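Read off the chains here:
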Amino acid sequence: MEAVLVVVVVAFALAFDYTNGFHDAANAIATSVSTRALTPRAALLMAAVFNLIGALLGTAVAQTIAEDIVAVNDVPPHQGLVIVLCGLVGAITWNLITWWLGLPSSSTHAIIGGLAGVGIASGITVHWDAILDKVVLPMVFSPLIGFGLAFALMVLLLWVFRNAAPARAFRRFRIAQTASAAAMALGHGLQDAQKTMGVIVLALVAGGFQDDNTIPLWVKLSAATAISLGTYAGGWRIMRTLGRKIIELDPARGFVAESVSAVVLYANAFIFHAPVSTTHTITSAIMGVGATKRLSAVRWGVAKNIGVAWVLTIPAAALVAAVVYWILSPILL
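Residues numbered from 1 in each chain as written. Predicted model: local features only at pLDDT ≥ 70, side-chain atom pairs only at ≥ 80, totals over all residues. Heavy atoms only, no water.

Naming follows an unreviewed UniProt entry, where the protein chain appears as Inorganic phosphate transporter of Cellulosimicrobium funkei. The annotation that UniProt attaches to the protein chain under Subcellular location (unreviewed entry) is "Membrane". (UniProt positions renumbered as here; feature names shortened; annotations may be inferred.)

Right under this line is the structure:
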């Protein structure tokens with residue numbers, strides 16, 4: 001029975017990874033598409049390829065998810081697998097809701113909220129200190145850093161190119177955006193695909209199929225492939241929000257927003273091993289470069305709606321996961 005259940009859990013984990021890909025495709029390419037630096041299909045293909053490469057560059061974030069959120073080894077294997085399954089259902093449900101509404105919420109916080117919620121419902125240990133240090137604090141500081149760095153770098157670029165002909169400068173920044181969008185897609189794969197790897201390993205450990213949190217090669221390849229396919233499927237609703245509704249971007253501002261976001265993602269993955277939200281980072285960077293025009297250039301009403309989705313993501317995913325566990329546990333346990 002455990003073997004069948006672990007297959008189901010892995011399938012749901014890859015389904016979450018796929019929804020993560022099309023939900024967050026806009027993170028890497030919305031700015032490049034909106035400034036016409038890349039065509040939508042070319043941008044999606046490039047993002048899918050670099051998502052795949054980024055997913056294979058490290059495992060630190062995956063191990064954080066596998067080790068530091070909930071302790072599934074506190075319960076019997078069958079119950080542990082049901083717990084992971086319900087956490088995934090909570091995350092997938094919230095991803096689909098926010099995708100339908102066109103809101104760029106965080107798939108990272110959806111899966112963490114789902115695991116925490118089902119952890120509470122099932123009575124297993126939830127590592128709240130680790131969630132505070134590696135999830136909540138980065139959730140607060142990453143957008144602030146993204147906004148501040150993007151604003152400062154954009155001000156610097158405006159000063160450096162103050163005497164340049166706008167048309168010529170914009171052509172050059174459109175070319176530069178190809179590199180910055182690729183860097184952002186690489187960071188997205190590095191961060192988000194690893195979260196699915198961590199969940200799959202969590203399921204393998206819970207089911208007794210693996211003794212430690214080492215990430216097997218097949219887990220890396222399957223997670224990388226699923227998020228790449230999801231990215232190529234596209235996320236047009238959210239792309240419109242990021243690329244047009246927050247602010248009308250020009251190539252220079254698009255380049256800065258993507259570059260700053262990529263740096264923040266790399267730093268958190270390689271230095272702090274923190275699963276930060278690519279969505280929060282790029283959205284705040286877009287607001288930062290937009291504010292250099294004037295504060296009123298940013299459509300703060302849209303930004304407020306996005307902020308509400310950010311705040312609700314962890315508790316909403318947690319609630320859905322808990323309710324699913326209460327429904328399924330009498331049937332599956």
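Read on for the rest.
**Student:** Let's hear about the overall build of the protein chain: which residues, and what values?
**Tutor:** When you go through the protein chain residue by residue, the secondary structure sums to twelve helices and zero strands. Ordered by position from the N terminus, the helices and strands of the protein chain form the series α-α-α-α-α-α-α-α-α-α-α-α. On C-alpha atoms alone, the protein chain measures out to a radius of gyration of 20 Å, which is about the 20 Å that the 2.2 N^0.38 rule sets for 333 residues. Dimensions along the principal axes, computed over C-alpha positions, put the protein chain at roughly 70 × 35 × 35 Å. Sorting the 333 residues of the protein chain into buried and exposed places 59% on the buried side. A fraction of 88% describes how many contacts in the protein chain between residues 6 or more apart in sequence connect residues 24 or more apart. Put simply, the protein chain shows about 12,900 Å² of open surface, and 71% of that area lies on carbon and sulfur atoms. Of the charged side chains in the protein chain, 19 are positive and 14 negative; the average position of the first set lies 26 Å away from that of the second. (Helix = DSSP H or I, 4+ residues; strand = E, 2+ residues; numbered from the N terminus. Rg over C-alpha atoms; globule rule 2.2 N^0.38 Å. Buried < 20%, exposed > 50% of the residue type's maximum accessible area, 1.4 Å probe, protein only. Contact = heavy atoms within 4.5 Å. Areas by Shrake-Rupley, 256 points an atom, 1.4 Å probe, with all protein chains shown as cover. Lys, Arg positive; Asp, Glu negative; His and termini not counted. Charge placed at Lys NZ, Arg CZ, Asp CG, Glu CD.)

**Student:** Break down the UniProt feature "transmembrane region" (unreviewed entry) in the protein chain for me, with residues and values.
**Tutor:** Here the UniProt-annotated "transmembrane region" (unreviewed entry) positions come out as residues 42-61, 81-102, 108-128, 140-161, 217-236 and 308-328. Secondary structure within residues 140-161 divides into 95% helix and 0% strand; the distance between the first and last C-alpha atoms comes to 32 Å. Structurally, residues 308-328 comprises 100% helix and 0% strand, and the distance from its first C-alpha atom to its last is 30 Å.

**Student:** Quick rundown of unusual backbone geometry? Include the residues and the values.
**Tutor:** Even without a glycine there, the phi angle at H273 is positive, about 55°. Relative to the elements of secondary structure, H273 occurs in the loop between α10 (251-272) and α11 (278-290).

**Student:** Account for the nonpolar core, with residues named and values stated.
**Tutor:** Counting 57 residues, the largest nonpolar core has I69, V70, V72, V84, L88, I111 and M197 as its most contacted members. Once residues within four sequence positions are removed from consideration, L88 is found in contact with V9, F12, A13, F16, I111 and V199. Core analysis: the second largest hydrophobic core is formed by 18 residues, A252, V256, A274 and I282 among them. (Core = buried A, V, L, I, M, F, W, Y, C linked by side-chain atoms within 4.5 Å.)

**Student:** Quick rundown of the packing of helix α3 (residues 60-68) against helix α7 (residues 166-206)? Include the residues and the values.
**Tutor:** Viewed as axis vectors pointing N to C, α3 and α7 meet at an angle of 40°, and their least axial separation amounts to 7 Å. Taken together, the axes of α3 and α7 are oblique relative to one another. Crossing of α3 over α7 shows right-handed handedness. Two secondary-structure elements touch here, α3 through A60, V61, A62, I65 and A66 and α7 through Q191, Q194, K195, M197, G198, V199, V201 and L202. (Axes fitted to C-alpha atoms, helices over the stretch in contact; angles between N-to-C directions. Parallel < 35°, antiparallel > 145°, perpendicular 65-115°, else oblique. Left-handed = near helix turned anticlockwise from the far one by under 90°.)

**Student:** Please provide a residue-by-residue account of helix α6 (residues 128-160), values included.
**Tutor:** Its 33 residues give α6 an end-to-end C-alpha distance of 46 Å, which sits within 8% of 48 Å, the value for a rise of 1.5 Å per residue. The sharpest bend along α6 comes to roughly 40°, located at P138. Within α6, burial applies to A130, I131, V135, P138, S142, P143, G146, A150, M154 and L157. (Expected span 1.5 Å × (residues − 1). Bend = angle between axes of the 7 residues up to and from the residue.)

**Student:** Describe the side chain of Q210, with residues and values.
**Tutor:** Positionally, Q210 belongs in the loop between α7 and α8 (217-233). Reaching out from Q210, the side chain makes a polar contact with the backbone oxygen of D212 at a distance of 2.9 Å. In terms of polar contacts, Q210 uses its side chain to reach the backbone carbonyl oxygen of T214, at 2.6 Å. (Polar contact = N/O pair within 3.5 Å; in protein donor to acceptor, adjacent residues only side chain to side chain.)

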